[in-house]
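Summary of the model geometry
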2 protein chains.
Amino acid sequence: MAGVSRATASRVISGSELVSDKARAAVEKAIEELGFVPNPVARNLARGRTGSIALVVPEPNARVLSDPFFAEIIVGLSDQLDDQDLQVILLIARPGERTEKIVRYLTGGHVDGAVIASHHRDDTLNRRISAGPLPCVFVGRPLGVANAHYVDVDNYRAGRQAAEYLISTGRTRIATIAGPTDMTAGIDRLAGWRDAMSNAGLPTDAVAHGEFTQASGATAMDRLLAKHPDLDAVFAASDLMAAGALASLAAAGKSVPRDVAVIGFDDIAVAESTDPPLTTIAQPVRAMAARAGEQLLTLISGQELEPAPVVFPPHLVIRDSA
Amino acid sequence: MAGVSRATASRVISGSELVSDKARAAVEKAIEELGFVPNPVARNLARGRTGSIALVVPEPNARVLSDPFFAEIIVGLSDQLDDQDLQVILLIARPGERTEKIVRYLTGGHVDGAVIASHHRDDTLNRRISAGPLPCVFVGRPLGVANAHYVDVDNYRAGRQAAEYLISTGRTRIATIAGPTDMTAGIDRLAGWRDAMSNAGLPTDAVAHGEFTQASGATAMDRLLAKHPDLDAVFAASDLMAAGALASLAAAGKSVPRDVAVIGFDDIAVAESTDPPLTTIAQPVRAMAARAGEQLLTLISGQELEPAPVVFPPHLVIRDSA
DNA sequence: TTGTACGCGTTATCAC
DNA sequence: GTGATAACGCGTACAA
């Protein structure tokens, strides 16, 4: 219709510079009149790509999806990829299903790359994908995967920071409600707390483990109180566990922060509405996700990328509980 | 390699019955040895489809994504579509951006259909997509869109149910914290409450509007208490608003449920951890999303579908607040 | 700068 | 049952 060949039309649409102004104008006019829209599927076939990347959520649990953490990841990632006309495909494990299906999907050429939210302890998926040819970036340091590309918050530093803050406010008998020992977030935060305590010459024996949930935080606090009735502060590795701890402390007749200071982790919405509002350590999740997307783009474009972790600094948010 | 034509190989892969056992075996053997995986992009091009549907979240707000409501929608939808090798593409409006880009994407042939989570008051997107040729199903009754396919909880019935329950427990001075007047969830729940109250011969003047948030629920409760100090019950159109109301009531020295009964809506996680735990009305979000997916599949397959709404019954969850 | 012609990897429509 | 062969709609060497 523009009186040119398909090739020239294609050049105009793809934004090539090697087109005369006259031809370009003619094509653009034709596009306008025809309401022409390129077929993305055909385009991707010709280009040898899929035009989409996967966001893998290996947890077969609806609860994790409502986790603000994932919400931020989704937003950060979409935001980063929107301009590259790459779409985000959500891949969540179905309840009671092995990750087999996800692996098959990822290796089946459906996507150009993957961002894996790796909070789960089951690392077979992580290993298999990481070893394969598909570009992939983890959000959160994956356990048992060597040379992986990942972005994470500096959990170790965060643990130190929490302990050091409590120490700086004069607390001396400081406990921690740590995460599970088979999740890097739990391990690293605990290690940081431990080192800060040791450096200050304080005991590191008041440790209880939770599952990052409110209920587990409450029972962990119960255990701590029973074993160390003299404690005057506690660092919980998640806000939910901190909220559980607040409930436990209230039930035990302890006033927060007067008797016991509490500091959480995540800075999710509930942190503001607890009584008292939680002092907590925030992680820049959206920025982390954006960075993961950026790294993935680099990998997809074929550039070699040193598998150096990208680590973001945590950020202390001071409210009333500590 | 199997000594057959592409056509026969394709038949085997696509699971056609019109293949001899011998040929099938040969092809399967070849597939095994070659590790052959069909290219999804080429397949979709040949089939004239995209192999994906969009889940549209028109709210340019990260907060709504962490809403358990959306989490359940995502899970329900993926669950339903997983078997059809249809993938869910998440389409969220970027903050501060018009919905223009989303419309372009949807009409650009990127997806075979769309599920639109239509909670937002801005209905231009709803109208434009609904009027177009793309199969689409709404979750939540869209405002100002005629003949739309949608699934929803029976908000009117839910409002009635809440009021009737409060009445049945002997309350007589019953208020409501309603949602915004330009969202169907707000409108319909209020209408149900109003009718139940009228039918029981009770006054319907104690109405305050909130924005479905905790803060707005608290201020709405403040207003209600100031104007109707004698009220003995309140129906909040969301759990978050109910939580805000609880705080406001506590500040006013009112005991729940002794002085004032409170009933919420949604049955999200916080409903269990408020003090006291919230009696609330749950909606079967996951089932609703699955149904929306099912409807969308029907539409995509080209079958005509009467645009009859699918309405799910709400479910009263009795805890301690009423 | 432009056009020709082929390739991308399948599925679908025919004849056979 | 099976096998050529034509789409599917676009990108892009290569030649002009």
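Quick look at the structure, then. (Residues numbered from 1 in each chain as written. Chains lettered and ligands numbered in written order. Predicted model: local features only at pLDDT ≥ 70, side-chain atom pairs only at ≥ 80, totals over all residues.)

1. Here's the deal with the protein's contact with DNA strand C
Around DNA strand C, the structure places 24 residues, and the nearest of them are Ser20 and Ala23 of chain A together with Ser10, Ala42 and Ala46 of chain B. For the surface near DNA strand C, the class distribution of residues is 13 nonpolar, six polar and five charged. (Near = placed C-beta within 6 Å. Nonpolar A, V, L, I, M, F, W, Y, C, P; charged D, E, K, R; others polar.)

2. Here we look at the sheet that holds strand E12 (residues 315-317) of chain B
All names here are of chain B. One open sheet accounts for six strands, arranged E7-E6-E8-E9-E10-E12; its pairing is mixed. The two strands at the open ends of the sheet, each matched to only one other strand, are strand E7 (207-209) and E12. Recorded for the sheet is a direction-independent mean angle of 20° between the axes of neighbouring strands. Of the pairings in the sheet, the one linking strand E10 (residues 279-282) to E12 comprises three bridges and is antiparallel in character. Within E12, the position partnered with Ile281 by the bridge is Leu316. Seen against the sheet, helix H9 (residues 184-199) touches strand E6 (174-178), strand E8 (233-236) and strand E9 (261-266) and runs at an angle of roughly 170° to E6. (Pairing = 2+ DSSP bridges. Helix = DSSP H or I, 4+ residues; strand = E, 2+ residues; numbered from the N terminus. Axes fitted to C-alpha atoms, helices over the stretch in contact; angles between N-to-C directions. Contact = placed C-beta atoms within 7 Å.)

3. Observations concerning the nonpolar core
Among the nonpolar cores identified, the biggest contains 192 residues, and Val262 of chain A together with Val234 and Val262 of chain B are the most heavily contacted of them. If we ignore the near neighbours within four places in the chain, the residues touching Val262 of chain B are Val234, Ala236, Ala242, Ala245, Leu246, Val256, Pro257, Leu278, Ser321 and Ala322 of chain B. (Core = buried A, V, L, I, M, F, W, Y, C linked by C-beta atoms within 7 Å. Buried ≥ 20, exposed ≤ 12 C-beta atoms within 10 Å, placed from the backbone.)

4. Here's the deal with helix H9 (residues 184-199) of chain A
Residue and element names in this part refer to chain A. Taking 1.5 Å per residue, 16 residues should reach 22 Å; H9 reaches 22 Å between its end C-alpha atoms and fits that length. Those residues of H9 lying buried are Thr184, Ala185, Gly186, Ile187, Asp188, Arg189, Leu190, Gly192, Trp193, Ala196 and Met197. Buried-residue contacts for H9 involve helix H8 (155-168), strand E6 (174-178), strand E8 (233-236) and strand E9 (261-266). (Expected span 1.5 Å × (residues − 1).)

5. Considering the protein's contact with DNA strand D
In the neighbourhood of DNA strand D, 25 residues make up the surrounding shell, with Ala42 and Ala46 of chain A together with Ser5, Ala7 and Ser20 of chain B lying closest. Looking at the surface near DNA strand D, the elements with two or more residues in it are helix H1 (6-14) and helix H3 (40-47) of chain A together with helix H1 (6-14), helix H2 (21-34) and helix H3 (40-47) of chain B. Grouping the constituent residues of the surface near DNA strand D by class yields 13 nonpolar, seven polar and five charged.

6. Comments concerning the relation of the copies chain A and chain B
The pair of chain copies shares a relation made of a rotation about an axis and a shift along it. Of the two same-sequence chains, chain A is brought onto chain B (RMSD 0.1 Å, axial shift 0.0 Å) by a rotation of 180°. As the rotation angle and translation indicate, the two copies are arranged about a two-fold axis. The residues that chain A uses at the interface reappear at the interface of chain B in 100% of cases, marking a shared surface. (Least-squares fit on C-alpha atoms with pLDDT ≥ 70 in both.)

7. Describing the interface of chain A and chain B
Taken together, the contact pairs 30 residues of chain A with 30 residues of chain B. The dominant element in the side of chain A that touches chain B, judged by the number of residues it contributes, is helix H5 (residues 68-81) of chain A, at seven residues. Looking at the side of chain A that touches chain B, its residues break down into 15 nonpolar, 11 polar and four charged.

The quantities given are spatial measurements derived from coordinates; they are silent on function.
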